[in-house]
Amino acid sequence: MAGETVITIVGNLVDDPELKFTPAGHPVAKFRIASTPRTFDRQTNEWKDAESLFLTVTAWRSLAENAAGSLQRGMRVIVQGALKQRSYEDRDGVKRTVYEVEAEEVGPSLKSATAAVTKTKGNQGRQQPQQPSSGGYGAQQQPNADPWSTNQQQNGWGQQRPADVPF
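Everything numeric here is computed off the predicted structure, so don't read it as measured data.

Conventions we followed
- Residues numbered from 1 in each chain as written.
- Predicted model: local features only at pLDDT ≥ 70, side-chain atom pairs only at ≥ 80, totals over all residues.
- Heavy atoms only, no water.
- Helix = DSSP H or I, 4+ residues; strand = E, 2+ residues; numbered from the N terminus.
- Contact = heavy atoms within 4.5 Å.
- Areas by Shrake-Rupley, 256 points an atom, 1.4 Å probe, with all protein chains shown as cover.
- Core = buried A, V, L, I, M, F, W, Y, C linked by side-chain atoms within 4.5 Å.
- Buried < 20%, exposed > 50% of the residue type's maximum accessible area, 1.4 Å probe, protein only.
- Salt bridge = Lys/Arg side-chain N within 4 Å of Asp/Glu carboxyl O.
- Phe/Tyr/Trp six-rings, centres within 6.5 Å; stacked < 30°, edge-to-face > 60°.

1. Structural notes on the overall build of the protein
Part 1 of the argument: The number of helices and strands found in the protein is one helix and eight strands.
Part 2 of the argument: If you list the helices and strands of the protein from N to C, you get β-β-β-β-β-β-α-β-β.
Part 3 of the argument: Considering only contacts in the protein between residues 6 or more positions apart, those separated by 24 or more positions represent 53%.
Part 4 of the argument: Approximately 13,000 Å² of the protein is accessible, and the part contributed by carbon and sulfur atoms is 48%.

2. Structural notes on the nonpolar core
Part 1 of the argument: Within the largest apolar cluster, 17 residues are counted, with the highest numbers of intra-cluster contacts made by Phe-31, Ile-33, Val-57, Val-79, Ala-103 and Val-106.
Part 2 of the argument: Looking at this core, the elements that each hand over two or more residues are β1 (5-13), β3 (27-35), β6 (53-60), α1 (61-70), β7 (76-89) and β8 (95-108).
Part 3 of the argument: Beyond its immediate chain neighbours, meaning those up to four positions away, Val-57 contacts Ala-29, Lys-30, Phe-31, Ile-33, Val-79, Val-101 and Ala-103.

3. Here we look at the pattern of salt bridges
Part 1 of the argument: One pass over the full model with this rule turns up six salt bridges.
Part 2 of the argument: Here Arg-86 and Glu-100 are joined by a salt bridge, their closest N and O atoms 2.8 Å apart. Taken as a pair, Arg-86 in strand β7 and Glu-100 in strand β8 lie far apart in primary sequence, 14 residues in all.
Part 3 of the argument: A relative accessible area of 39% places Arg-86 in the partly exposed class.
Part 4 of the argument: Among the ionic pairs, Asp-90 bridges to Arg-96, the shortest N-O distance being 3.2 Å.
Part 5 of the argument: When its relative accessible area of 41% is taken as the criterion, Arg-96 is described as partly exposed.

4. With respect to the packing of aromatic side chains
Part 1 of the argument: For the structure on display, the rule yields one aromatic pair.
Part 2 of the argument: Considering the side-chain rings of Phe-40 and Trp-47, the 5.2 Å spacing of their centres and the 65 degrees angle between planes classify their relative orientation as edge-to-face.

5. Regarding the environment of Gly-25
Part 1 of the argument: With respect to the helices and strands, the residue Gly-25 is situated in the loop between β2 (18-21) and β3.
Part 2 of the argument: Separated by 36 residues in the primary sequence, Gly-25 and Arg-61 have C-alpha atoms spaced 9.4 Å apart.

What follows is the structure in structure tokens.
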């Protein structure tokens, strides 16, 4: 994203992510997010909502598939990506400008929710590297060595920890 305007937005999904595929077979997901600033009015002693900002978000490849499979309308999400401006003429010949975000990262907000994270399998939209026949760089990682694996309870240094002890 060099040279682009990077934005991080927190808001609620206005609709379910719509997953489609390009003619070349690349997955792309689109969804809209609404972000509503909220301020506290000391005179009335109440929270006031300002005008909502609605942005269309586009995600590509594995991010598109993961977003479409994980997110649904109403969820509070965090999106980070490149802010894009696009101009076009509508049916009546009026010039319009829209702003969109091409997502680099998408995730649920854990401010008022919980999430069970599952690591995906496969090449996740990237070419699968050649696996050497012996160890070394690029060697396939053993399932036990995966620090994000849910099959074992480890602390951040790869040591076993009791299942009932938090990180």
